[in-house]
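For reference, the chains in residue letters:
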2 protein chains.
Amino acid sequence: MRIGIIGGTGGIGEGIALRLSPFHTVVIGSRETEKAEICCRECEEILQGRGFSCSLIGKTNQEAVDFADFLILAIPYKFLVPTLKELTGLDGKVVVSPVNPLEKTGEFFLFAPPPEGSAAMLAKKLLPSSAKLVVAFNNIAANRWRDLENPLEYSVAVCGDDANAKRQVIELTGTIPNLKPLDAGPLGVAPLVESVTPLLLNLGKFNRLKDVGVRFV
Amino acid sequence: MRIGIIGGTGGIGEGIALRLSPFHTVVIGSRETEKAEICCRECEEILQGRGFSCSLIGKTNQEAVDFADFLILAIPYKFLVPTLKELTGLDGKVVVSPVNPLEKTGEFFLFAPPPEGSAAMLAKKLLPSSAKLVVAFNNIAANRWRDLENPLEYSVAVCGDDANAKRQVIELTGTIPNLKPLDAGPLGVAPLVESVTPLLLNLGKFNRLKDVGVRFV
């Protein structure tokens, strides 16, 4: 499985790369190749220090798309539209969205979806119709992804309309130790998955907890 | 603390009564006193069979309001407006809403809030301005409340605008073994807390799991 991480030099993207690259071929995409290459070398050092061999490749976002069958949109919500408008060649590929549209009012975080109802539905509108969009990895903080000292003891709600692509994402998630993927249903469920993230941010803020995550039990 | 459960003969209401009455004075309210009394006797039998003494009282919903300082709206969303329109004397009381507005489309569950944004904001509009509304207990299935064989190993997200009332609800939640209350912020966070429930129903449906709950970790 060839995995490309769009925005792979950001916190979430780098963390996902660290977790996946011991088991899969991962391309870190960035707006600038050099940034992606630096990130790859850093990740490789971290992983080699922990006894993992890995094959990370630094590329532009477009090169990551061209290389991989499996793309992860590790970008902040505000970059979703410009990023997807620039990229070509996503036809037929599995595209994973961990993107959460949220806002902070003075005091707390809220779900702030576009008129489409979710970041995922907005992404779907911008993707070629043959791309297979799957929502996953929305509710895990960047710091936790990167904290290789600790396994990710979380559930991952996965939703999407293409049963085969959803199954692949569930299997991929299952290769990361301790993560527990769960089928959350079709893509229409995306607002509910994305909404969990501002709730987790509020729970962190109002209880002085860091990087709160979720387990469905 | 005198607790009144509005709609206390329904699954969630009965379950909350079973969990709280060993530690607090609980009045089960219903539209019909007789139904409430039958429910109380059943609960008492269950609890006495487990070595708990308890003081459950069966009343009408209005009598429950008159008796208690602390009311729990254990009613389905569709009964929220008619129930609150009928009741008087809620002034100054703490009112807990575990109510979730949701819909099932053909295939999956969605959050379906009223124009106010959440069941809680709708309730607030109908309550006297001195009532202190707190959102809690939204994400635990009725069957789990009633299953006294097993402790409730869940988190409870609690939100509200009255700091003192919210603290009381957090303390009350903490008296139920293993439940872990967390401050989720002001009442504006209610849509995020209520949205978790349709997500849990979807996770149950698509993974053939029963009564899925949530832990924030």
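The structure displayed is predicted, hence computed values, not measured ones.

A. The environment of Leu80(A), seen in detail. All names here are of chain A. Counting through the fold element by element, Leu80 comes out in helix 4 (residues 80–86). Exposure remark for Leu80: the 22 C-beta atoms within 10 Å place this residue in the buried category. In sequence terms Leu80 and Glu44 are 36 residues apart; their C-alpha atoms lie 27 Å from each other. In this view, Leu80 contacts Ile75, Val99, Ala119, Leu122 and Ala123; residues no more than four positions away in its chain are not counted.

B. Local environment of the confidence of the model for chain A. Considering every residue of chain A, the mean pLDDT works out to 96; 100% of them sit at 70 or more. In the model output, the complex is listed with pTM 0.97 alongside ipTM 0.97.

C. Structural detail: helix 1 (residues 11–20) of chain B. All names here are of chain B. Burial analysis of helix 1 places nine of its ten residues in the buried class, the great majority of the element. Where helix 1 is concerned, the buried positions are Ile12, Gly13, Glu14, Gly15, Ile16, Ala17, Leu18, Arg19 and Leu20. Contacts made by the buried residues of helix 1 are with strand 1 (2–6), strand 2 (25–30), helix 2 (33–49), strand 3 (56–60), strand 4 (70–73) and helix 6 (142–146).

D. Examining the nonpolar core more closely. Counting 155 residues, the largest nonpolar core has Ile5(A), Leu71(A), Ile5(B) and Leu71(B) as its most contacted members. When residues no more than four places from it in sequence are discounted, the contact partners of Ile5(B) are Gly13(B), Ile16(B), Ala17(B), Val26(B), Val27(B), Ile28(B), Gly29(B), Ala64(B), Ile72(B) and Ala74(B).

E. Broad picture of the packing of helix 1 (residues 11–20) of chain A against helix 2 (residues 33–49) of chain A. Residue and element names in this part refer to chain A. Contact geometry for helix 1 and helix 2: axes closest at 10 Å, N-to-C directions at 45°. Taken together, the axes of helix 1 and helix 2 are oblique relative to one another. Handedness of the crossing formed by helix 1 with helix 2: right-handed. In this structure, helix 1 contributes Glu14, Ala17 and Leu18 to the contact, and helix 2 contributes Cys39, Cys43, Ile46 and Leu47. Its residues assigned to classes, the contact of helix 1 with helix 2 comprises six nonpolar, no polar and one charged.

Thresholds, definitions, all that
- Residues numbered from 1 in each chain as written.
- Chains lettered and ligands numbered in written order.
- Predicted model: local features only at pLDDT ≥ 70, side-chain atom pairs only at ≥ 80, totals over all residues.
- Helix = DSSP H or I, 4+ residues; strand = E, 2+ residues; numbered from the N terminus.
- Buried ≥ 20, exposed ≤ 12 C-beta atoms within 10 Å, placed from the backbone.
- Contact = placed C-beta atoms within 7 Å.
- pLDDT = per-residue confidence, 0-100.
- Core = buried A, V, L, I, M, F, W, Y, C linked by C-beta atoms within 7 Å.
- Axes fitted to C-alpha atoms, helices over the stretch in contact; angles between N-to-C directions.
- Parallel < 35°, antiparallel > 145°, perpendicular 65-115°, else oblique.
- Left-handed = near helix turned anticlockwise from the far one by under 90°.
- Nonpolar A, V, L, I, M, F, W, Y, C, P; charged D, E, K, R; others polar.

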